[in-house]
Amino acid sequence: MHKVHSGYRAPSGFIVKNTEYQCDLTAQSKMTDVAVDKNVPTGSLPSPEKEPDDLMLMEEKNEENQTEAAAEGEGAASDVYRYIKGDLFTSEIFKVEIQNLPKYIGFNDLKKFLNKHGINPHKIKLFSRQMFAFVTFKNQEERDKAMKAVHGMQWKSKVLSVRLAKPKADPILKKRKQEEETEGGPPGAKRTAGGQEVEEDEEKPLDIQIANAVTPLWNVPYEEQLKRKEKEVEGVLLKLTREIGNNNKAMLPWLFVQKEKHNKMCCPLEAIRPSPVQTEYRNKCEFVIGVGADGEDKTVGFRLGKYKGGSCAVVSPSETTHVSSEAKRVVQEFQQFIRTTTYAVYSPETYEGHWRQLTVRTSRIKQTMAIVFFNPQKLQEEELEELKRNLRQYFTEGEGKESGLTSLYFVRMGQRTSAGTEDLPCEHVTGEECIHEELLGLKFRISPHSFFQTNTPAAEVLYSAVGEWAQLDQDSTVLDVCCGTGTIGISLAKRVKKVIGIELCQEAVQDAKANAEANGLTNVVFHCGKAEDVLPSVLNAVVSPNVTAIVDPPRAGLHSKVILAIRRAEHLKRLVYVACNAKAAMNNFIDLCRAPSNRVRGAAFRPVRAMAVDLFPQTMHCETILLFERVDYSSNTDSQTAET
């Protein structure tokens, strides 16, 4: 890599002064980004192909209540940029456009390229079939460093160009402005930004609208839902088959036999396992608080649409099929409480108001936890303490007592002033500090921030399959990576010699240790930290010749350092991968199977079994299990034939 020239020219609408880059907001629009630090594992190995559109994980403004700040400008046009005003954090004001990118690069290729040159982007949006990308940074210093480093750099015979980019207009305000400008349009229809007419969904009853938004398959027979999900997983395996052929030529003879046996797939796809329950299955729900679609203020429920689509209207969950009756009861009682207070709902448009979100967790042993998210704005500490006292009184002695709440927390959730994504502190208000659940005959405690599968009966199906596929015995050592509260490892502990769990969330690790003790297990240990930091040393310390890894990572998959560590650990012969989004985890699958190289040490793995398990009825989501086994290059038979 080398520089061809070092200067850069500021784009139209920008003033460059003492490396301070300022933008004329009256002529610009804000973009939608991919969150680098949340949605894609840093340092993934490069892919020769572009990332498919469905792997472009889009961050919608305020979708996860991580509202990003607010805005300056004069005149009507400036209103849509109001969010960038003040001291609140938004990476939109530290954004650049990288032009003249090489063809056929993917999201991870660009991120890896930037990281290699000491550049740490906050978010990236790479456009398919285009040779440019938008990149944002956490501060001006990092942005300026990137501009100076990348502009004029050569990458795959292309000389890169960098310029300051335009922030994206606030979706709500932009939509409102467009509606005002097109008020004379034909009745019964609205116009998109491209001028196309679309059907007015607002004409449908609210219970139908919210069902379409949160459970889009609610009116599809369950057997048909399962067929659709199985077809999606089949598509993933077909793509993986092609990628293995492209990235590991030594596997081609084996791959040819597999494709003949398994309908062009690299391994057999077993029949999808259905959820034992199809309704009221969610044990955790996050409800927003806002103005109801029916005009009622202080409504607790789900949004009809996403913020980037220009919608903030909220509808009660009372008619939804996937929310439990216990959670609905808490929502109703909590909504009644906040309507008696003088505090307004938080507005993602104006950044004013207080009530933001209600999270409800339930268990099959009739325990219920509520976590209230509240923006304190400029309220005094005495006012906040009084509010918590009123909440406590309402749910322990008042009308809210009928909700059956057993644990109540309060979270102060202001606007972000930095790029940090750490869990916010939970203030215990009343009741037990945790709720408890029983799964596969074992007891588990669950804290506010701890991960626990949202469909407990289906999780039992999932974990039973994982235990079956892992082929464990009393000499086995199990590595439970991204273990959460320890459910998988603890459910397998009595079958094996030792279980080693790794988890990032400190609260979940504390739960996991307590869960192991509550179930009388002494052969389970847990480590807190990032898997990419902890796993290499753990693997080096494991001397057992019979090691099996079980990984159940977040949606984006594992960090590439984890994959590299697994590849180097030749004594690790078997890996069970549980993917909540198999498409997003594709790079992990490819990296496990790619040919050994100077960077990727150790024999490759290959997929030998796959299956979907439905944990999310009424939606298109499901969990996918893939069993990978290490290729034994010392065996001629192993490299030329297929084993299923």
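Rules behind the numbers
- Residues numbered from 1 in each chain as written.
- Predicted model: local features only at pLDDT ≥ 70, side-chain atom pairs only at ≥ 80, totals over all residues.
- Heavy atoms only, no water.
- Helix = DSSP H or I, 4+ residues; strand = E, 2+ residues; numbered from the N terminus.
- Buried < 20%, exposed > 50% of the residue type's maximum accessible area, 1.4 Å probe, protein only.
- Polar contact = N/O pair within 3.5 Å; in protein donor to acceptor, adjacent residues only side chain to side chain.
- Salt bridge = Lys/Arg side-chain N within 4 Å of Asp/Glu carboxyl O.
- Axes fitted to C-alpha atoms, helices over the stretch in contact; angles between N-to-C directions.
- Parallel < 35°, antiparallel > 145°, perpendicular 65-115°, else oblique.
- Left-handed = near helix turned anticlockwise from the far one by under 90°.
- Contact = heavy atoms within 4.5 Å.
- pLDDT = per-residue confidence, 0-100.
- Core = buried A, V, L, I, M, F, W, Y, C linked by side-chain atoms within 4.5 Å.
- Pairing = 2+ DSSP bridges.

K.L.:
Explain the environment of Arg361 to me, please; I cannot follow it from the model alone.
P.N.:
Inspection of the secondary structure puts Arg361 in strand 18 (residues 355-362). Residue Arg361 is classed as buried on the basis of its relative accessible area, which comes to 2%. Here the alpha-carbon distance between Arg361 and Cys285, two residues 76 residues apart in the chain, equals 6.7 Å. Within the structure, Arg361 has its side chain in polar contact with the backbone oxygen of Ser450 (distance 2.8 Å).

K.L.:
Help me understand the pattern of salt bridges, please; the structure alone is not making it clear to me.
P.N.:
Two side chains of opposite charge can pair, provided their charged atoms sit close to one another. With the rule as written, the count across this model stands at 22 salt bridges. The salt bridge partner of Glu224 is Arg228, with a shortest N-O separation of 3.4 Å. A residue pair is termed a helical-turn pair when its members lie 3 or 4 positions apart in one helix, as Glu224 and Arg228 do in helix 6 (residues 222-247) at four residues. Residue Arg228 is classed as partly exposed on the basis of its relative accessible area of 35%.

K.L.:
Where do I start with the packing of helix 8 (residues 325-338) against helix 9 (residues 381-396) in this structure?
P.N.:
To characterise two packed helices, one gives the angle between the axes of the helices and the distance between these axes. Packing of helix 8 against helix 9 brings their axes to within 11 Å, and their N-to-C directions diverge by 135 degrees. As the angle between them shows, helix 8 and helix 9 are arranged oblique. Pair helix 8 / helix 9 crosses with right-handed handedness. Residue-level inspection shows Glu333, Phe334, Gln336 and Phe337 of helix 8 in contact with helix 9, the latter providing Leu387, Asn390, Leu391, Tyr394 and Phe395.

K.L.:
Explain the confidence of the model for the protein here, please?
P.N.:
Interpretation of the predicted coordinates at a detailed level should be avoided for regions scoring low in pLDDT. Looking at the protein, pLDDT values average 81 and 76% of them are 70 or higher. Overall, residues 1-78 carries pLDDT values under 50, and its contacts beyond four positions in sequence, including any with other chains, amount to 251 contacts. Note that residues 185-199 has pLDDT below 50 and, in this model, 18 contacts with residues that lie over four places away or in other chains.

K.L.:
Sorry if this is basic, but what is going on with the environment of Glu402 here?
P.N.:
By secondary structure assignment, the location of Glu402 is in the loop between helix 9 and strand 20 (407-412). The exposure class assigned to Glu402 is exposed, which follows from its relative accessible area of 61%. The sequence separation of Glu402 and Val330 amounts to 72 residues, and the corresponding C-alpha distance is 8.7 Å. Aside from chain neighbours lying at most four places away, what touches Glu402 is Arg329 and Glu333.

K.L.:
What am I meant to see in unusual backbone geometry here?
P.N.:
Peptide bonds are mostly trans, and most non-glycine residues show a negative phi. Of note in the backbone geometry, Ser157 takes a positive phi value of approximately 70 degrees without being a glycine. Following the sequence through the fold, Ser157 ends up in the loop between strand 9 (154-155) and strand 10 (158-159). In this structure, Gln377 is a non-glycine residue whose phi angle is positive, near 45 degrees. Within the fold, Gln377 resides in the loop between strand 19 (368-374) and helix 9. On the basis of relative accessibility, which here comes to 34%, the residue Gln377 falls in the partly exposed class.

K.L.:
Explanation requested: the nonpolar core in the structure shown.
P.N.:
Grouped burial of nonpolar side chains is what soluble globular proteins tend to show. Of all hydrophobic cores here, the largest spans 47 residues; its most connected members are Leu479, Leu572, Leu575, Tyr577, Phe589 and Phe628. Apart from the residues within four sequence positions on either side, Tyr577 is in contact with Val551, Pro553, Gly557, Leu558, Ala585, Asn588, Phe589, Leu592, Thr624, Ile625, Leu626 and Phe628. Of all hydrophobic cores here, the second largest spans 46 residues; its members include Met413, Leu439, Val466 and Val608.

K.L.:
What's the story with the sheet that holds strand 21 (residues 427-431) in this structure? I'm lost.
P.N.:
Adjacent strands of a sheet form backbone hydrogen bonds with each other and so pair up, either parallel or antiparallel. Read from one edge to the other, the open sheet built from seven strands follows the order 17-16-15-18-19-20-21, with strand pairing classed as mixed. Each edge of the open sheet carries a strand with a single partner, namely strand 17 (314-315) and strand 21. One ladder, built from four bridges, connects strand 20 with strand 21; its direction is antiparallel. Within strand 21, the residue paired with Tyr409 across the bridge is His428. Sheet contacts for helix 5 (residues 206-214): strand 16 (299-303) and strand 17; angle to strand 16, the most-contacted strand, approximately 55 degrees. Running at roughly 150 degrees to strand 18, helix 8 makes contact with strand 15 (284-290), strand 16, strand 18 and strand 19 of the sheet.

K.L.:
Explain the sheet that holds strand 29 (residues 605-613) here, please?
P.N.:
On the basis of which strands lie adjacent, the open sheet formed by eight strands has the order 14-29-30-28-27-24-25-26 and mixed pairing. Looking at which strands have only one partner, the edges of the open sheet turn out to be strand 14 (269-273) and strand 26 (524-528). Between one strand axis and the next, the sheet turns through 20 degrees on average, direction left out of account. Across five bridges, strand 24 (residues 477-481) lies against strand 25 (residues 498-503) in parallel orientation. Bridge assignment links Thr477 to a residue of strand 25, and that residue is Lys498.

K.L.:
Is there a simple way to think about the pairing of strand 30 (residues 623-630) in this case?
P.N.:
Look at any regular strand and the pattern is simple: side chains alternate between the two faces of the sheet. Counting buried positions along strand 30 gives seven out of eight residues, so the element sits mostly inside the fold. Relative to strand 30, strand 28 (residues 572-579) runs antiparallel, the two sharing six bridges. Bridge pairing in strand 30 links Tyr577 to Leu626. Pairing analysis gives eight bridges linking strand 29 to strand 30, with the strands arranged antiparallel. Bridge pairing links Met611 to Ile625 in strand 30.

K.L.:
Help me understand the pairing of strand 16, please; the structure alone is not making it clear to me.
P.N.:
Counted residue by residue, strand 16 has five buried out of five residues, so it is predominantly covered. For strand 15 and strand 16, the ladder comprises three bridges, and the chain directions are antiparallel. Its bridge partner being in strand 16, Ile289 is matched across the sheet by Val300. Of the strand pairs in this sheet, strand 16 and strand 17 are connected by two bridges, and their pairing is antiparallel. Its bridge partner lying in strand 17, Phe302 is registered against Val315.

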